[in-house]
Amino acid sequence: VGDRERCLESGMDDFLPKPLELQALEAALNRAVTYRQAALGQGPATAIPPASSPPRAPGVDVGNLPVLDRNVLELLTVPEDPGSIAELAEIFRQDSKARLAAMLSARTARDARGVAAAAHTLKGSAGNLGGRRVAAIAAAIEEAAKAGDWAVVESAEGALAAAVSEFQQALGGS
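Predicted, not measured: the structure shown is a model, and the values here were computed from it. (Residues numbered from 1 in each chain as written. Predicted model: local features only at pLDDT ≥ 70, side-chain atom pairs only at ≥ 80, totals over all residues. Heavy atoms only, no water.)

**Let's talk about helix α6 (residues 132-147)**
Worth spelling out the cut-off: Each helix is a run of DSSP H or I of at least 4 residues and each strand a run of E of at least 2, with the numbering of both proceeding from the N terminus. The length a helix should cover is 1.5 Å for every residue beyond the first. Exposure classes here rest on a 1.4 Å probe applied to the protein chains alone. A residue is buried below 20% of its type maximum, exposed above 50%, and partly exposed in between. In what follows, a contact means two residues having at least one pair of non-hydrogen atoms within 4.5 Å.
With 16 residues, α6 extends 23 Å between its outermost C-alpha atoms, agreeing within 8% with the 22 Å of an ideal straight helix rising 1.5 Å per residue. Of all the positions in α6, only R132, R133, V134, A135, A136, I137, A138, I141, E142, A144 and A145 are classed as buried. On its buried side, α6 packs onto α3 (70-76), α4 (84-108), α5 (112-128) and α7 (150-172). Where α6 ends, the next residue or the one after it, G148, has phi of about 75 degrees, a positive value.

**A look at the environment of N64**
For N64, the position within the fold is in the loop between α2 (22-39) and α3. Note: C-alpha distance between N64 and R132 (68 residues apart in sequence) is 9.9 Å.

**Observations concerning the packing of α5 against α7**
A pair of packed helices is characterised by two quantities: the angle between their axes and the separation of those axes. For clarity, the threshold we go by: Every axis corresponds to a line fitted to the C-alpha atoms, with the helix fit spanning only the stretch in contact, and the corresponding angles, defined between N-to-C directions, vary from 0 to 180 degrees. For this classification, under 35 degrees means roughly parallel, over 145 means roughly antiparallel, 65 to 115 means roughly perpendicular, and everything else is oblique. Note: crossing handedness is left-handed where the near helix turns anticlockwise from the far helix by less than a right angle, and right-handed where it turns clockwise. For this classification, the nonpolar set comprises Ala, Val, Leu, Ile, Met, Phe, Trp, Tyr, Cys and Pro, the charged set comprises Asp, Glu, Lys and Arg, and every other residue, Gly included, is treated as polar.
At a closest axis distance of 13 Å, the pairing of α5 and α7 adopts a crossing angle of 30 degrees. Accordingly, the angle class assigned to the pair α5 and α7 is roughly parallel. For the crossing formed where α5 meets α7, the hand is left-handed. Contact with α5, carried on its side by A112, V115, L122 and A126, involves W150, V153, L160 and F167 of α7 and no other residues of that element. Its residues placed into classes, the contact of α5 with α7 shows eight nonpolar, no polar and no charged.

**As for the packing of α4 against α7**
Direction vectors running N to C along α4 and α7 enclose 165 degrees, while the axes themselves pass 11 Å from each other. In terms of orientation, α4 and α7 fall into the roughly antiparallel class. Crossing angle aside, the handedness with which α4 passes α7 is left-handed. Between α4, through A89, F92, R93, S96, L100, M103, L104 and R107, and α7, the contact on the second element is made entirely by W150, V153, E154, E157, L160, A161, V164, F167, Q168, L171 and G172. Here the contact of α4 with α7 is composed, by residue class, of 12 nonpolar, three polar and four charged.

**Topic: unusual backbone geometry**
One non-glycine residue with positive phi stands out, namely R110, at about 55 degrees. Residue classification places R110 among the partly exposed positions, given a relative accessible area of 46%.

**Notes on α4**
Taking 1.5 Å as the rise per residue, α4 with 25 residues should run 36 Å; its terminal C-alpha atoms sit 36 Å apart, in good agreement. Contact partners of the buried residues in α4: α3, α5, α6 and α7. In the stretch just after α4, R110 is the one whose phi turns positive, near 55 degrees.

**Focus: the layout of surface pockets**
Defined as follows: A 1.4 Å probe that fits into a set of points on a 1 Å grid over the protein atoms alone but cannot get out defines a cavity; an open set with protein on both sides within 12 Å along at least five of seven lines defines a pocket, and lining residues are those with an atom within 4 Å of a point. Grid points are joined across faces, edges and corners, and a volume is the space filled by probe spheres set on the points.
If you add up the space inside the second largest pocket, you get close to 450 Å³. Along the walls of the second largest pocket sit 19 residues, with L20, V72, L76, G127 and N128 positioned nearest its centre. Broken down by secondary-structure element, the contributors of at least two residues to the lining of the second largest pocket are α2, α3, α4 and α5. By residue class, the composition of the lining of the second largest pocket is 10 nonpolar, five polar and four charged.

Okay, structure coming up:
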């Protein structure tokens, strides 16, 4: 059971995963407004389908994912502060080094929660900056750690470290 399912089962009306995508936010807001209007008798009382779950594949084909989704960076750019992206990139560089080290330490200790937590943080921070490849590999490691699949965790660590390095280089040239 994923985050989305747990949230909906606990009574939430909808769910938006990180990194937040503007189209998904707009769709969720439209569903909420339509539902509210229907509840107040201001619109047709139609059933509003919940947001669809993203497809989950057992393996991640990262070759088709961009190292850096520049559209995400454009959304984060503050016109009055041209250094804002460079500042975020530096924060990611520092944090990702610590997260990779924490993941390695947790993996060595066979600490599934520690591996999953470090991978989850990397997934979110990279995804929020447009690091699609890093986010996908980190998500696979997170799920494997939760399942106790150490072979997948160990085999994906090198790919994650390489993807983080590529992403950092791409952020440097943004």
